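If you want the building blocks of each chain, they are given just below.
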Amino acid sequence: INVRAKDLFTLCNLIIESSLKIHWHCYARVHPLNDKMMSVMKASGCFGLMFGVESGDPELIKTLGKNISVEQVRKAVTLAKKYQLKVLTFFMFGLPGDTPETCENTIALAQELNADLAFFSMTVPYPGTEMYDDYVQGGLLSSTVNWDTFTQHKRDSSHFNQSLTTEQVLYYYNKAHLRFYLRLGYCLQVFKRLFRHPKEIKDYWWLLKEFIYTYDWIPSPLNPGSRKRA
């Protein structure tokens, strides 16, 4: 929802005044969200917010050009939960400057925020981006494009940087899923939410399929991502 605050209030108030019973969610920046914004969004039918956090390391997040801080992320998630909005957070492994230590910080922040859903992916230097150009100029990638290697959730792809190998990026990607989702407290949280909102089962089913997709020891056809088909 990268719009001016004035436009946000105009849109939400128009929805409220029209008495439209709509339910909506959106991507949002963690800053400058505040109580007044959250209140009018909730009143207009907003039920969820998605935050692109990317990294849990304070120094690394400064280099991403997002102009946000880890503390602002914490405040935004806390505020969204205050208004009982469904919170989704997005994180990436293999960002330029990522190291084993920063990856651990990302996993720790994801657990601390304890969003309703946390989406983890592996950084991809897509052709046409500044990152891709830097990788080619640095000798990390060939200038010949093979689009099969540019996916966010596929093993043996272009997931690496100057300090992390493909295997290490995949390791932290898998570790993040295990550490976040296989927590007793989180499982109880999911059951409570599904009891109140049973239609959301489709979101968790999608996540389960993505989780299965990453593990070789779960065979085909249950796992379409196993090495027998990769």
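Just above, that's the structure.
Just so you know, the residues in each chain are numbered from 1, in the order the chain's sequence is written. The predicted nature of this model means local features are confined to residues of pLDDT at least 70 and side-chain atom pairs, given and counted, to a pLDDT of 80 or more, with totals for whole chains, interfaces and linings taken over all residues. Heavy atoms throughout the structure, all of them, feed into the side-chain values; hydrogens and water do not.

Chemist: It is not clear to me how the environment of N146 should be interpreted in this structure. Could you clarify?
Modeler: Starting at the N terminus, helices and strands are each numbered in turn, a helix being any DSSP run of H or I of at least four residues and a strand any DSSP run of E of at least two. Mapped onto the elements of the fold, N146 is located in the loop between α6 (130-137) and α7 (166-181). Residues N146 and P127 lie 19 residues apart in sequence; the distance between their C-alpha atoms is 9.7 Å.

Chemist: What is the right way to look at the packing of aromatic side chains in this model?
Modeler: A ring pair, where both rings are aromatic, is described by two values, the distance of the centres and the angle of the planes. Aromatic pairs are defined between Phe, Tyr and Trp rings, using the six-membered ring for Trp, whenever the two ring centres lie within 6.5 Å; interplanar angles under 30 degrees are classed as stacked, those over 60 as edge-to-face, and all others as tilted. All told, the structure shown has 10 aromatic pairs when counted by the stated rule. Taken together, a centroid distance of 5.0 Å and an interplanar angle of 15 degrees make the contact between F90 and F119 stacked. With F90 in strand β3 (residues 86-93) and F119 in strand β4 (residues 117-122), this residue pair connects regions lying 29 residues apart in the sequence. For every residue, the accessible area (1.4 Å probe, protein chains only) is compared with the maximum for its type, and the residue is labelled buried under 20%, exposed over 50%, or partly exposed between those bounds. Residue classification places F119 among the buried positions, given a relative accessible area of 17%. Taken together, a centroid distance of 4.8 Å and an interplanar angle of 75 degrees make the contact between F180 and Y181 edge-to-face. As far as the burial class goes, F180 and Y181 line up, both buried. By the ring-pair criterion, three or more aromatic residues cluster together here, those being F91, F93, F120, F180, Y181 and Y186. Distance and angle both matter: a charge sits over a ring if NZ of Lys or CZ of Arg is within 6 Å of the ring centre and within 35 degrees of the ring normal. Over the aromatic face of F180 sits the side chain of R183, whose NZ or CZ is 4.6 Å from the ring centroid.

Chemist: Got a minute to help me understand the pattern of salt bridges in this structure?
Modeler: Between side chains of opposite charge, a pair can form as their charged atoms come close. Any Lys or Arg side-chain nitrogen located within 4 Å of an Asp or Glu carboxyl oxygen qualifies as a salt bridge. Counted according to the given criterion, the structure contains 11 salt bridges. Between D35 and K82 there is a salt bridge, with its nearest N and O atoms 2.8 Å apart. Here D35, found in helix α2 (residues 35-43), pairs with K82, found in helix α4 (residues 70-82); they are 47 residues apart in sequence, far enough to count as distant. For D35, a relative accessible area of 34% translates into the label partly exposed. For K82, a relative accessible area of 55% corresponds to the exposed category. A salt bridge links E200 to K86; its shortest N-O distance comes to 3.2 Å. Of this pair, E200 sits in the loop between α8 (184-196) and α9 (201-213) while K86 sits in strand β3, and the two are 114 residues apart along the sequence. Linked by salt bridges that have partners in common, K86, D116, R193 and E200 make up one network.

Chemist: So what exactly am I meant to see when it comes to a nonpolar patch on the surface here?
Modeler: Residues qualify for a patch when their relative accessible area is over 30% and they have no salt bridge, like charges being joined within 9 Å and the nonpolar side chains of Val, Leu, Ile, Met, Phe, Trp and Tyr within 5 Å. Values of accessible area rely on a 1.4 Å probe in the Shrake-Rupley scheme; residue burial ignores everything except the protein chains shown. A contiguous nonpolar patch, built from Y126, V145 and W147 and spanning about 290 Å² of accessible area, is present on the exposed surface. Locating V145 in the fold gives a position in the loop between α6 and α7. According to the relative accessible area criterion, V145 is partly exposed, its value standing at 34%.

Chemist: Looking at this structure, how should I read the side chain of T102?
Modeler: Mapping T102 onto the fold places it in helix α5 (residues 100-113). Two N or O atoms form a polar contact when they lie within 3.5 Å of each other; inside protein one atom must be a possible hydrogen donor and the other a possible acceptor, and for residues adjacent in sequence the pair counts only when both atoms belong to side chains. Reaching out from T102, the side chain makes a polar contact with the backbone nitrogen of T99 at a distance of 2.7 Å. In this analysis, two residues are considered to be in contact whenever any of their non-hydrogen atoms come within 4.5 Å of each other. With residues up to four places along the chain from it excluded, the contact list for T102 reads D57, L60 and G97.

Chemist: How should the pairing of strand β2 (residues 46-54) be read in this particular structure?
Modeler: Note on strand geometry: in a regular strand, side chains alternate between the two faces of the sheet. Where burial is concerned, most of β2 is hidden: 7 out of the 9 residues are buried. When DSSP finds two or more bridges between two strands, those strands count as paired. Bridge count for strand β1 (residues 24-28) against β2 is 5 bridges, and the pairing is parallel. Along β2, the bridge assignment pairs C26 with L49. Between the parallel elements β1 and β2, the chain passes through α2 in a crossover that is right-handed. Seen with the strands pointing away from the viewer, any crossover whose path from the first strand over the helix to the second strand runs clockwise is right-handed.

Chemist: I would appreciate a short explanation of the environment of Y132 in the present structure.
Modeler: Note on placement: Y132 falls in helix α6. Judged by its relative accessible area of 7%, Y132 is buried. Distance from Y132 to S142, taken between C-alpha atoms, is 9.7 Å for residues 10 residues apart in sequence.

Chemist: I would appreciate a short explanation of α2 in the present structure.
Modeler: Every α-helix carries 3.6 residues per turn, so stepping three or four residues along brings you back to the same face. Inspection of α2 places M37, M38, V40 and M41 among the buried residues, and these make up the whole buried set. Looking at the buried side of α2, the elements it contacts are α1 (5-18), β1, β2 and α4. Of the residues flanking the start of α2, the one acting as N-cap is N34, its side-chain oxygen 3.2 Å from the backbone nitrogen of K36. Directly after α2, the chain includes G45, whose backbone phi takes a positive value near 110 degrees.

Chemist: Just checking my understanding: could you explain the sheet that holds β4 for this structure?
Modeler: Pairing between sheet strands relies on hydrogen bonds along the backbone, with the strands arranged either parallel or antiparallel. Read from one edge of the open sheet, 4 strands run β1-β2-β3-β4, paired in parallel fashion. Strand pairing shows two members of the sheet lacking a second neighbour, β1 and β4, which therefore form its edges. Averaged over all adjacent pairs, the angle separating strand axes in this sheet is 20 degrees, with direction ignored. Where β3 and β4 come together, 6 bridges link them in parallel fashion. Bridge pairing in β4 places M92 opposite S121. Structural elements are reduced to axes, namely lines fitted to C-alpha atoms, with helices fitted over the stretch in contact, and the angle between N-to-C directions of any two is expressed from 0 to 180 degrees.

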